[in-house]
Amino acid sequence: MAELKKSDNSTVPRRPMHHRRNFTGLTSKELDAERSKWPKKTVELWERLSKKEANDLESIEKSIVHHVTTTLARAAYNMDNFTAYQAVALSTRDRLISRWNETQGQLSKADPKRVYYLSLEFLLGRSMDNALLNMGLKDVYGKGIEELGFNMEDVIESEVDAALGNGGLGRLAACYMDSLATLDYPAWGYGLRYNYGIFKQRIVDGYQTEYPDYWLNFDNPWELARLDISIQIGFGGHVQITQDEYGVTRHNWIPATSVQAIAYDVPIPGYATENCNNIRLWRSKPTKAFDLTSFNEGNYEKSVEDATNAEKITSVLYPNDNTMAGKELRLKQQYFWTAASLHDIVRRFKKSMREWSEFPDQVAIQLNDTHPTLAIVELQRLLVDEEMLSWDDAWDIVTKIFAFTNHTVLPEAMEKWSVPMFEYLLPRHLQIIFDINLFFLQKVEKKFPNDRGLLNRMSIIEEAQPQQIRMAHLAVVGSHKVNGVAALHSNLIKTTIFKDFVDYYGEEKFVNKTNGITPRRWLHQANPQLSAFITETLGSDKWLKELSLLKGLNKKVGDAAFRKKWMAIKRANKVRLAELIKTRCDIEVSPDALFDVQVKRIHEYKRQFMNILYVIHRYRAIKSMSAAQKAGVQPRVVIFGGKAAPGYYIAKLVIKLINSVAAVVNQDPAVGDLLKVVFIPDYNVSVAEVIVPASDISQHISTAGTEASGTSNMKFVLNGGIIIGTLDGANIEIMEEIGEDNIFIFGCMAHEVEDLRHAQRYRSVPMDPALQGVISAIEKGTFEDPKIFQPLISTLTVGKDFYLISADFASYIVANQQVDAAYKNQQEWAKKSILCTANMGKFSSDRSVKEYADEIWHIKQHAVQDEGYRN
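Described below are features of the structure shown in this document. Numbering of residues starts from 1 in each chain and follows the order in which that chain's sequence is written. Owing to the predicted nature of the model, reporting of local features is limited to residues with pLDDT of at least 70; listing and counting of side-chain atom pairs is limited to 80 or more, with chain, interface and lining totals taken over all residues. Neither water nor hydrogens contribute to the side-chain values; these are computed over all heavy atoms in the structure.

### Concerning the overall build of the protein
Helix numbering and strand numbering both begin at the N terminus, where a helix is a DSSP run of H or I of at least 4 residues and a strand a DSSP run of E of at least 2. Each helix and strand in the protein was counted, giving 36 helices and 24 strands. To get the radius of gyration, use the C-alpha atoms; to get the globule rule, take the number of residues to the power 0.38 and multiply by 2.2 Å. The globule rule puts the C-alpha radius of gyration for 871 residues at 29 Å, and the 29 Å found for the protein is close to it. With the C-alpha coordinates aligned to their principal axes, the bounding extent of the protein is approximately 105 × 75 × 65 Å. Residue contacts are counted whenever heavy atoms from the two residues lie within 4.5 Å of one another. When contacts within the protein are restricted to residue pairs at least 6 apart in sequence, those whose partners lie at least 24 apart make up 76%. If you sum the accessible surface of the protein, you get close to 36,200 Å²; carbon and sulfur atoms cover 51% of it. The Shrake-Rupley method, run with a 1.4 Å probe, gives the accessible areas here. Residue values count only the displayed protein chains as cover.

### Describing the pattern of salt bridges
The salt bridge criterion pairs a side-chain nitrogen of Lys or Arg with a carboxyl oxygen of Asp or Glu, the two atoms within 4 Å. Under the counting rule described, the total for this entry stands at 52 salt bridges. Among the salt bridges present, the one from Glu-462 reaches Lys-416, with a minimum N-O distance of 2.7 Å. Residue Glu-462 is found in strand S15 (residues 461-462), and its partner Lys-416 is found in strand S14 (residues 416-418); the two are separated by 46 residues along the sequence. Burial classification: accessible surface area is computed with a 1.4 Å probe over protein chains only, and a residue below 20% of its type maximum counts as buried, one above 50% as exposed, and the rest as partly exposed. Looking at Glu-462, the relative accessible area reads 18%, which means it is buried. Residue Lys-416 is classed as partly exposed on the basis of its relative accessible area, which comes to 37%.

### Considerations on the side chain of Gln-598
If you trace the backbone, Gln-598 turns up in strand S19 (residues 594-599). A residue is classified by how much of its surface remains accessible, and Gln-598, at 1% relative accessible area, is buried. Residues within four places of Gln-598 in sequence aside, it is in contact with Lys-606, Arg-607, Gln-608, Asn-611, Ile-639, Phe-640, Gly-641, Gln-699 and Ile-701.

### Side note on unusual backbone geometry
A cis amide bond, omega -5°, links Gln-465 with the succeeding residue Pro-466. By the element assignment, Pro-466 lies in the loop between S15 and strand S16 (468-470). Positive phi, normally seen in glycine, also occurs at Ser-764, with a value near 50°. Positionally, Ser-764 belongs in the loop between helix H31 (753-762) and helix H32 (769-779). Of note in this structure, Glu-784 is not a glycine but carries a positive phi near 90°.

### Examining the pairing of strand S3 (residues 114-118)
If a strand is regular, its side chains alternate between the two faces of the sheet. Counting buried positions along S3 yields five of five residues, so the element is predominantly enclosed. Both faces of S3 are covered, namely the face carrying Arg-114, Tyr-116 and Leu-118 and the face carrying Val-115 and Tyr-117. One requirement defines pairing of two strands: DSSP has to find at least two bridges between them. One ladder, built from five bridges, connects S3 with strand S12 (residues 363-368); its direction is parallel. Each residue of the ladder has a partner; that of Tyr-117, found in S12, is Gln-366. Bridge count between S3 and strand S4 (residues 187-192): four bridges; the pairing is parallel. Residue pairing across strands places Tyr-116 opposite Trp-188, the latter belonging to S4.

### Things to note about the pairing of strand S20 (residues 636-641)
The buried fraction of S20 is high, at six of six residues. Residues of S20 alternate between two faces, with Arg-636, Val-638 and Phe-640 on one and Val-637, Ile-639 and Gly-641 on the opposite face, all of them buried. Bridge analysis of S19 against S20 gives six bridges, and the strand direction is parallel. Pairing of Val-597 across the sheet is with Ile-639, part of S20. Judged from the six bridges that link them, S20 and strand S21 (residues 675-680) form a sheet pairing that is parallel. Bridging from a neighbouring strand, Ile-639 pairs with Val-678 of S21. A crossover counts as right-handed when, viewed with the strands pointing away from the observer, the path leading from the first strand over the helix to the second turns clockwise. A crossover connection joins S20 to the parallel S21 through helix H27 (residues 649-665); in handedness this β-α-β unit is right-handed.

### Focus on the sheet that holds S15
Strand order in the open sheet formed by three strands is S14-S16-S15, with antiparallel pairing between adjacent strands. Both edges of this open sheet fall to S14 and S15, since each of them pairs with a single strand only. By the bridge criterion, two bridges tie S15 to S16 in an arrangement that is antiparallel. Note that in S16 the partner of Glu-462 across the bridge is Gln-468.

### Thoughts on the packing of aromatic side chains
Centre-to-centre distance and the angle between the planes together describe a pair of aromatic rings. A pair of aromatic rings is counted whenever rings of Phe, Tyr or Trp (Trp by its six-membered ring) have centres within 6.5 Å, and the orientation is called stacked for planes under 30 degrees apart, edge-to-face for over 60 and tilted otherwise. The full count for this structure, using the stated rule, is 32 aromatic pairs. Ring plane angle 65° and centroid distance 4.7 Å describe the contact between Phe-349 and Phe-359, whose orientation is recorded as edge-to-face. With a gap of 10 residues between them, Phe-349 in helix H12 (residues 324-350) and Phe-359 in helix H13 (residues 359-362) connect regions that are remote in the sequence. This pair shows no difference in class: Phe-349 is buried, exactly as Phe-359 is. For the ring pair Tyr-823 and Trp-829, a centre distance of 5.0 Å and an interplane angle of 80° mean the geometry is edge-to-face. Taking the relative accessible area as the measure of exposure, Tyr-823 reaches 6% and is therefore buried. Under the relative-accessibility criterion, Trp-829 is labelled buried at 2%. One aromatic cluster in this structure is built from Phe-440, Phe-498, Phe-501, Tyr-504, Tyr-505 and Phe-510.

### Examining the state of the cysteines
Any cysteine sulfur atom paired with another within 2.5 Å is treated as part of a disulfide. Per the counting criterion, the structure on display carries zero disulfides. Sulfur of Cys-276: no disulfide; nearest cysteine sulfur belongs to Cys-175 and is 17 Å away.

### Topic: the packing of helix H14 (residues 374-386) against helix H15 (residues 391-401)
The geometry of H14 relative to H15 is characterised by a closest axis approach of 9 Å and an angle of 145° between their N-to-C directions. Handedness of the crossing formed by H14 with H15: right-handed. Contacts between H14 and H15 involve Ile-376, Leu-379, Gln-380, Leu-383 and Val-384 from the former and Trp-391, Ala-394, Trp-395, Ile-397, Val-398 and Ile-401 from the latter. Helix axes are fitted only over the stretch in contact, all axes being lines through C-alpha atoms; the angle between N-to-C directions runs from 0 to 180 degrees. Left-handed describes a crossing in which the near helix is turned anticlockwise from the far one by less than a right angle; the clockwise case is right-handed.

### So, empty space enclosed by the protein
Using only the protein atoms, space was sampled on a 1 Å grid; points where a 1.4 Å probe fits but cannot get out form cavities, open sets with protein on both sides within 12 Å along at least five of seven lines form pockets, and lining residues are those with an atom within 4 Å of a point. Grid points are joined across faces, edges and corners, and a volume is the space filled by probe spheres set on the points. All chains considered together, the criterion is met by four cavities of 30 Å³ or more. In this model, the largest cavity occupies a volume close to 200 Å³. Lining the largest cavity are 16 residues, with Leu-124, Ser-127, Asn-130, Ile-268 and Arg-521 sitting closest to its centre. Contributing elements (two or more residues each) for the lining of the largest cavity: helix H5 (128-135), helix H8 (168-182) and strand S10 (257-269). Residues were grouped as follows: Ala, Val, Leu, Ile, Met, Phe, Trp, Tyr, Cys and Pro as nonpolar; Asp, Glu, Lys and Arg as charged; and all remaining residues, including Gly, as polar. Taken together, the residues of the lining of the largest cavity sort by class into 10 nonpolar, two polar and four charged. Looking at the second largest cavity, its volume works out to about 100 Å³. Considering the residues around the second largest cavity, the lining is formed by 14 residues, among which Asp-111, Tyr-116, Arg-348, Phe-349 and Gln-362 are closest to the centre. Those elements that provide at least two residues to the lining of the second largest cavity are helix H4 (81-110), S3 and H12. A total of three residues in the lining of the second largest cavity trace back to one element, the largest contributor, which is H12. Class assignment of the residues belonging to the lining of the second largest cavity gives a composition of six nonpolar, three polar and five charged.

### A word on the sheet that holds strand S24 (residues 744-745)
The strand order across the open sheet formed by six strands is S21-S20-S19-S22-S23-S24, and the pairing between neighbours is parallel. At either end of the open sheet lies a strand with only one pairing partner, and these are S21 and S24. Here helix H25 (residues 608-623) sits on the sheet in contact with S19, S20, S21 and strand S22 (697-700), set at roughly 155° to S20. Across the sheet, H27 touches S20 and S21, and the angle it forms with S21 is around 140°.

### A closer look at the packing of H25 against H27
The geometry of a pair of packed helices is captured by two quantities: the angle between their axes and the separation between those axes. Close contact between H25 and H27 brings their axes to 10 Å; oriented N to C, the two are set at 20°. Viewed along their axes, H25 and H27 adopt a mutual orientation that is roughly parallel. Handedness of the crossing formed by H25 with H27: left-handed. Taking contact as the criterion, the partners of Gln-608, Phe-609, Ile-612, Val-615, Ile-616 and Tyr-619 in H25 are, on H27, Val-654, Leu-657, Ile-658, Val-661, Val-664 and Val-665. Counted by class, the contact of H25 with H27 contains 11 nonpolar, one polar and no charged residues. Under this scheme an angle from 65 to 115 degrees is roughly perpendicular, one under 35 degrees roughly parallel, and one over 145 degrees roughly antiparallel; angles in between are oblique.

Here is the structure:
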């Protein structure tokens, strides 16, 4: 046995230490037990050396220099802005991880009920600026890096966006994680770590072209690789049926293949709190990375075949599903993610040694759209097949744990999987789905006997060729609450897609939770000048956690000096955006023009097509004017941005049309600066942080009843931008808060849509004359070869204009004319802008999250105490 020398040269036996790693943290009992095994002096040494790093200027500068010279192995005079970013990021991460360790340690000991937020997207954007602001360290780090010879804004710009999302779904999830941390709720997010994001968008000859997003080319300082946390995920195979000693039938799924899920943790700091929550992302790896035998036999492709097949699961967000291979990969992706996440959640619960009946008292799981719905089936499988619970006991637990957020009423967005493909990949899960469906329909039949049409409509299995699994139906059946994301949307799902389910379950299961955004990211970080001005005006920054305090700005509307400063900040933001446009698009625009913005995912229902058709109408009108008439025209810069799904041909043609129109308009001397058209490529969070504060108007013009909520509308209005939009999604609630005089509304109402569609399809309603003139201009070749755009035009003619562009076009023109007239009176426009910001308190994600916590998840806040230790 090893011996330890004492100072008097005598020896004592050294007690052997058996160190072990606990993957889910230590409870109070486990911590005490482990600590008791350690010598007192060792415990004291760890405590003394685990003190948090100081946040004074000298300590921070020392930390930055340390990471430059050791972690990065660079010298002071041989580094660039990116090296400086890496060093600042690593120094920031040191302090972030101290909070993360403290939070996870205290939560492991307290063991409160947690919410687990399952989202296929987490559109985080850049992390460093957000982390520094939330921890209150932005100023001291800014001064430190400046004294070390660098500019903080240049350093921040060196960070690339995390490619973990695409649209509003992912940004909502990111906002909610920020609010959960800020409000001290115990929460984890679960998602996937995509190697190449959705894609990098470039514009080539006016067309969207997709390239891999190599965002992980350099080590990502904002993630912690947990390479020791590996979960085996199976696919395919068969189900073995046996009977146990009690005569109970048991099912044992024996997968044909398997991959590993490797965990990566992303700390999410709250604002002005010690709390730091976590997003766990899963990366797919092979169980056998390299087949040396095949390699030595010269079969090099086979030697890495397993690795290729495994790693493609987390290669790309939303693989193109226009092929069967793409559909299969999407299904694999969703099961891989939900199975790994549930394994983690269950493992964390089981260490508490509680009874399974207590699982709903400790765990709430929120399904962000239908993508994670397989979690319902997987948990039922785990409880029945592996934990040996009865079917009824397991199902009772499952339906108390899950809640489902619906994000759309569009039929094509309601996920379905073919039964044959599902059976091939997940045979046991298919059996469970059929049983869930059978037992559910038996209850429906008992309540509404002999209504076969109702059974057919409510069935999880759609009787098509082949049969399809309706994931939205499964999500409703397996959840205790279903929510929409705006008042209109929540009413629509109850009267349309889920009407039968409302009749069966009752209205209390279906609730509204209007979306929100975090003001820390979307005003404090994105618009620092306006944030500072608001804080100065209100006398404190408490509004960052109590957004309703912005109402204090209402009394400043009549203050001319205040309005002047407000508009000066807006112009400074427009100058910044004009510089970005020049850099990215090589187009010069005037910050004195009206900035008209529509940036979001490209889709027919969002009607970027209508916007560019109006731009053509405006262009033709200006071209027809005399010089005297042109003098009265309000100059306008129309700014587009957003990505189209790689397989969405019509959406990609809209991008082509925008760029073709821009190429003509921007070079026409007869128009000059009266109209400019810009498409900013590769729209992401960081670009949005420049665009949003600079908008004068933003367009939210979806066909009434098609946009669930929207959150970009909230971001623009919070920054003093004014909406031109339809009565759709959250536009309605925004109008109720800011007042009808401060928003430009046009178009049909949601309850009119079906009648208008019916008339256009069956009664040969003529196209709007102004729109017909625009279509004629396109067909004459004004904007490139008209054959290119014929499929687009056909959506209005052959397709009977499903999204009602013609029906809304005349009122859209009028609304734009009203915008021009209002903008010319800058004093009144400033008042509108101030009133917009002042009355946006309702739309904080803090409010949304608190409603979820109180009414759906039933979780309590748990404030983390600053213990002064790193762990």
